[in-house]
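# An overview of the molecular structure
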Amino acid sequence: MKTVFLTNIKNDFDRELAAVFAKNNWEVIFGEGDSPCAKKADLKNRTESLSLQCEKIDLYIDTTCFHEENDTKTVKEGIDREVILASFRENFLKPVWYLETVLPLMEKAEAEHEDDAVKRIVFINTAESSVNWNINTSGYGYSMARAALNNATSTFVNKLLPLSYTFRMFDPMYGKVSAKAAAGACYGYVLRGRCDDDGDPRCQDERRLVIRDAMAREIPW
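Below is a short write-up of the structure. As the structure is a prediction and not an experimental result, all values here were calculated from the model.

Definitions and limits used
Every chain's residues receive numbers from 1 upward, in the order its sequence appears when written. At least 70 in pLDDT is required for a residue's local features to be given in this predicted model, at least 80 for side-chain atom pairs to be given and counted, and no such filter applies to totals for whole chains, interfaces and linings, which use all residues. Excluded from the side-chain calculations are hydrogens and water; all other atoms, namely the structure's heavy atoms, are used. Strands here mean DSSP runs of E at least two residues long; helices mean DSSP runs of H or I at least four residues long; both are numbered from the N terminus. Summary of the burial criterion: residues with accessible area below 20% of their type's maximum are buried, those above 50% are exposed, and those between are partly exposed, where the area comes from a 1.4 Å probe applied to protein chains only. Counting of polar contacts relies on pairs of N or O atoms within 3.5 Å, with two restrictions inside protein: one atom must be capable of donating a hydrogen and the other of accepting it, and residues adjacent in sequence are counted only when both atoms are side-chain atoms. A strand pair is defined by DSSP finding two or more bridges across the two strands. Any pair of residues with heavy atoms lying within 4.5 Å of one another is described as a contacting pair. Angles shown run from 0 to 180 degrees and are taken between the N-to-C directions of axes, each axis being a line fitted to C-alpha atoms and, for helices, limited to the stretch in contact.

Its location among the elements puts S87 in helix 3 (residues 81-113). Residue classification places S87 among the buried residues on the basis of a relative accessible area of 1%. Polar contacts involving the side chain of S87 include one to the main-chain amide nitrogen of Y142, which spans 3.2 Å.

Here you go:
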């Protein structure tokens, strides 16, 4: 049985996503829920406890989606430094730290499955991270932090793709599509190959990082 690790189970989409993986015979392991994590050391301690739950991780899905309720200022009101830093810590630093601490368990999965290893890293993100599709008129932290995560993911691809890791980015369209429908779309997208002609390995295009939403639309950076 292959193992999927979700960093958080805190909303309907997360729960539906966990359910669809479990229904398809995946072992589902999840992280700390909705509690904020301010320090890398704290997160590392939590992640190391995963070794007590599972021996390896085949598929990593970061479901972090932290909206700071006080991040409401507009361009005429200035920037609240502490609010911005809190959002950046939760929406950028924490996903990066989490991935760093989980990678050793993904290497164990490769050793176990050999040629059948998944080694796929998924980031759940939203259109608010897009320079072109962001329609917010207030609040800076979330959009800025998620855009930074997009750029970091591109760096991850450059480093890890030669090591046989593959990547997906998915927008569940919170509140616009039902959680169940979004989870089904996410499950199908993150597990299938990236190619123009299904089944033809010559068409694989894992080098091109894209974000797709629950309606299968590609979101521009």
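So much for the structure itself; the text now carries on.
Here the focus is the sheet that holds strand 6 (residues 211-213). With mixed pairing, seven strands are arranged side by side in an open sheet as 2-1-3-4-5-6-7. At either margin of the open sheet sits one strand with a lone partner, and together these are strand 2 (27-30) and strand 7 (218-219). This element, helix 1 (residues 12-23), spans strand 1 (3-6), strand 2, strand 3 (59-62), strand 4 (120-124) and strand 5 (166-171) of the sheet and lies at about 175° to strand 1. Against the sheet, helix 4 (residues 141-160) touches strand 4, strand 5 and strand 6, its axis set at about 160° to strand 5.

The topology assignment puts S129 in the loop between strand 4 and helix 4. On the accessibility criterion, S129 (3% relative accessible area) is buried. Once residues lying within four places of it in the same chain are set aside, the contact partners of S129 are S143, R146, A147, N150, I211 and W221.

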